[in-house]
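A closer look at the structure
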Amino acid sequence: GCELVRVAVKDFEGANSIKKIKRKIKIPLSADIHFDYRLAILAMENGADKIRLNPGNIHKEDQIIAVAKLAKKLKVPIRVGVNSGSVSKAPVKNLSGLMVKKALDYIKLLEKQKFYDIIVSLKASDVLSTIDAYRRFSKRSKYPVHLGITAAGPILTGLVKSSIGIGVLLLDGIGDTIRVSLTGDPREEVFASKNILQSLGLRRFSADIISCPTCGRCQVDLEQIVGEIETSLVHNISQVAHKKTPKIAIMGCEVNGPGEAREADIGIAFGKNSGVLFKNGKIVKRIREKDAVKTILKLTK
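Bear in mind that the values here come from a model prediction, so they are computed numbers and not experimental data. (Residues numbered from 1 in each chain as written. Predicted model: local features only at pLDDT ≥ 70, side-chain atom pairs only at ≥ 80, totals over all residues. Heavy atoms only, no water.)

1. Thoughts on the overall build of the protein chain
If you tally the helices and strands in the protein chain, you get ten helices and twelve strands. Along the longest, intermediate and shortest principal axes, the C-alpha atoms of the protein chain span 70 × 45 × 30 Å. Here the protein chain holds 301 residues, and the buried ones make up 46% of them. Across the protein chain, contacts joining residues at least 24 apart in sequence account for 59% of those joining residues at least 6 apart. For the protein chain, the exposed surface amounts to about 16400 Å²; the carbon and sulfur share of it is 53%. Counting 51 positive and 30 negative side-chain charges, the protein chain places the averaged centre of each group 4 Å from the other. (Helix = DSSP H or I, 4+ residues; strand = E, 2+ residues; numbered from the N terminus. Buried < 20%, exposed > 50% of the residue type's maximum accessible area, 1.4 Å probe, protein only. Contact = heavy atoms within 4.5 Å. Areas by Shrake-Rupley, 256 points an atom, 1.4 Å probe, with all protein chains shown as cover. Lys, Arg positive; Asp, Glu negative; His and termini not counted. Charge placed at Lys NZ, Arg CZ, Asp CG, Glu CD.)

2. Brief notes about the sheet that holds strand β11 (residues 274–279)
With mixed pairing, the five strands of this open sheet are ordered in space as β8-β9-β10-β11-β12. The open sheet is flanked by β8 (208–211) and β12 (282–288), the only strands paired with a single partner. Neighbour-to-neighbour, the strand axes of this sheet turn through a mean angle of 20°, independent of strand direction. Here helix α10 (residues 292–300) sits on the sheet in contact with β9 (247–251), β10 (266–270), β11 and β12, set at roughly 165° to β10. (Pairing = 2+ DSSP bridges. Axes fitted to C-alpha atoms, helices over the stretch in contact; angles between N-to-C directions.)

3. Examining the packing of helix α5 (residues 127–140) against helix α6 (residues 155–171)
Remark: α5 packs on α6, axes separated minimally by 10 Å, with the N-to-C direction vectors making an angle of 20°. In this view, α5 runs roughly parallel relative to α6, as classed from their interaxial angle. Judged by the sense of rotation from one axis to the other, the crossing of α5 with α6 is right-handed. Note on element contacts: α6 touches α5 through K161, I164, G165, V168 and L169, opposite V127, I131, Y134 and R135. Of the residues assigned to the contact of α5 with α6, the class counts are six nonpolar, one polar and two charged. (Parallel < 35°, antiparallel > 145°, perpendicular 65-115°, else oblique. Left-handed = near helix turned anticlockwise from the far one by under 90°. Nonpolar A, V, L, I, M, F, W, Y, C, P; charged D, E, K, R; others polar.)

4. Re the sheet that holds strand β2 (residues 29–33)
One open sheet holds the five strands; their spatial order is β1-β2-β3-β4-β5, and the pairing between them is parallel. Both edges of this open sheet fall to β1 (5–9) and β5 (118–123), since each of them pairs with a single strand only. Direction aside, neighbouring strands of the sheet carry axes that sit 25° apart on average. Alignment of β1 against β2, held across five bridges, turns out to be parallel. By the bridge assignment, V5 is partnered in β2 with L29.

5. Thoughts on the state of the cysteines
By definition, a disulfide links two cysteine residues through a covalent bond between their sulfur atoms. Counted according to the given criterion, the structure contains zero disulfides. No disulfide involves C253; its nearest neighbouring cysteine sulfur is the one of C215, lying 5.2 Å away. Accessibility expressed as a relative area gives 5% for C253, which makes it buried. (Disulfide = S-S within 2.5 Å.)

So this is what it looks like as structure tokens:
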């Protein structure tokens, strides 16, 4: 799979800006369209590689037909982006079923124009409703789906909601693309998405860090050591999935530490003020606490 960048097209100036953006990027660009179907047409004319239409606010048949005809001509895929706002008056217990119906009805309008280059999303802020909607849709349609929990919230709670919702569906074998929705820096969404894929063994982008909780047996500042290593690796996270990236174990005590460190590609099991460094299961040397970050990052590179 590949990444794409999505832009919200709120007006005609925004739709015209797509041409300028396309000159400066090398990945596909998706235009998020609401309310005015003419923005979808202009976005495609200016080079958008994909568009998202919201059935909740672009629903007149003649407008959908106009967009589908141009999308077919230019070979631009359309995401039918249903969210809980598209059926906002629905109670939670009926939400998933109504979201699925809204998506299927919209697809029929596109198919009437012999347009089939479609991907579907069914996002709610409620995790269980989202999971149920995707499961129901996947039983009734073979179109690919884009996963996400909409308006998941600030970073900590949003990460939890997104990881559970997206993770459950991916383990079900449902999902073709994903987006983590967080209130904050969009780069955090990218890091979170990659970590979800890596934790499920679907992709590998960077080193996998294993570290223990800071219990009473820990005799070093493990939180700082792990934080520095994680920050360095996150800033160097690859844009491309790899078949093999190192597993790094940073353990704070002599109970579970040696076992975990020995099984990792690079590992350190700390005692008091120092630790034993392992590489590929073999003891390399003993290193001091203050040298741990520098040593592990050097080995990782």
